[in-house]
Amino acid sequence: MAFKQGDVYQCPDPNCGCEATVTKSGTGGPDEPPRCCCGKPMVKK
Ligand SMILES: [Zn+2]
């Protein structure tokens, strides 16, 4: 999965609620979602 600038990723855990915004696009890297600080894979909002 390539990150797109402006995409917002959110932690699926309602008790955590972390959000991350992609500030720079990229095409490389591993094919997996970003991981939250709590350890869960984040989902695209
Ligand atoms: Zn989290």
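Everything discussed here concerns the structure shown above.
This text gives an overview of the structure that appears in the document. Every chain's residues receive numbers from 1 upward, in the order its sequence appears when written. Predicted model: local features are reported for residues with pLDDT of at least 70 only, side-chain atom pairs are reported and counted for 80 or more only, and whole-chain, interface and lining totals are derived from all residues. Only heavy atoms go into the side-chain values, all of them from the structure, while hydrogens and water stay out.

### Let's talk about the coordination of the zinc ion
Each pair of donors in an ideal four-coordinate tetrahedral metal site encloses 109.5 degrees, whereas pairs in an ideal six-coordinate octahedral site enclose 90 or 180 degrees.
Argument step 1. Of the protein atoms, only Cys 11 (SG), Cys 16 (SG), Cys 36 (SG) and Cys 38 (SG) coordinate the zinc ion, at distances of 2.2 to 2.4 Å.
Argument step 2. Expressed as a motif, the donor residue spacing for the zinc ion is C-x4-C-x19-C-x1-C. Of the two residues, Cys 16 is situated in the loop between strand 1 (8–10) and strand 2 (19–21) and Cys 36 in the loop between strand 2 and strand 3 (43–44); the sequence distance between them amounts to 20 residues. Donor criterion used throughout: N, O or S atom within 2.8 Å of the metal, extended to 3.2 Å for Na, K and Ca. Water excluded; incomplete-looking sites may result. Only DSSP runs of H or I covering at least 4 residues are called helices, and only runs of E covering at least 2 are called strands; the numbering of each starts at the N terminus.

### Regarding the side chain of Asp 7
Argument step 1. Relative to the elements of secondary structure, Asp 7 occurs in the segment before strand 1.
Argument step 2. Under the scheme applied here, a residue whose accessible area is under 20% of the maximum for its type counts as buried, over 50% as exposed, and between as partly exposed, the area being computed with a 1.4 Å probe on protein chains only. For Asp 7, a relative accessible area of 12% puts it in the buried group.
Argument step 3. Throughout, a contact is declared for two residues whenever any of their heavy atoms are within 4.5 Å. If near-sequence neighbours (up to four positions away) are discounted, Asp 7 is found in contact with Ala 20, Thr 21, Val 22 and Lys 44.

### Describing the sheet that holds strand 3
Argument step 1. Spatial ordering of the open sheet is given by 2-1-3, a layout of three strands whose pairing is antiparallel. Across the chains shown, the open sheet's two edge strands, defined by having one partner strand only, are strand 2 and strand 3.
Argument step 2. At least two bridges found by DSSP between two strands is the condition for calling them paired. Bridge count for strand 1 against strand 3 is two bridges, and the pairing is antiparallel. Across the sheet, residue Gln 10 finds its bridge partner in strand 3, namely Val 43.

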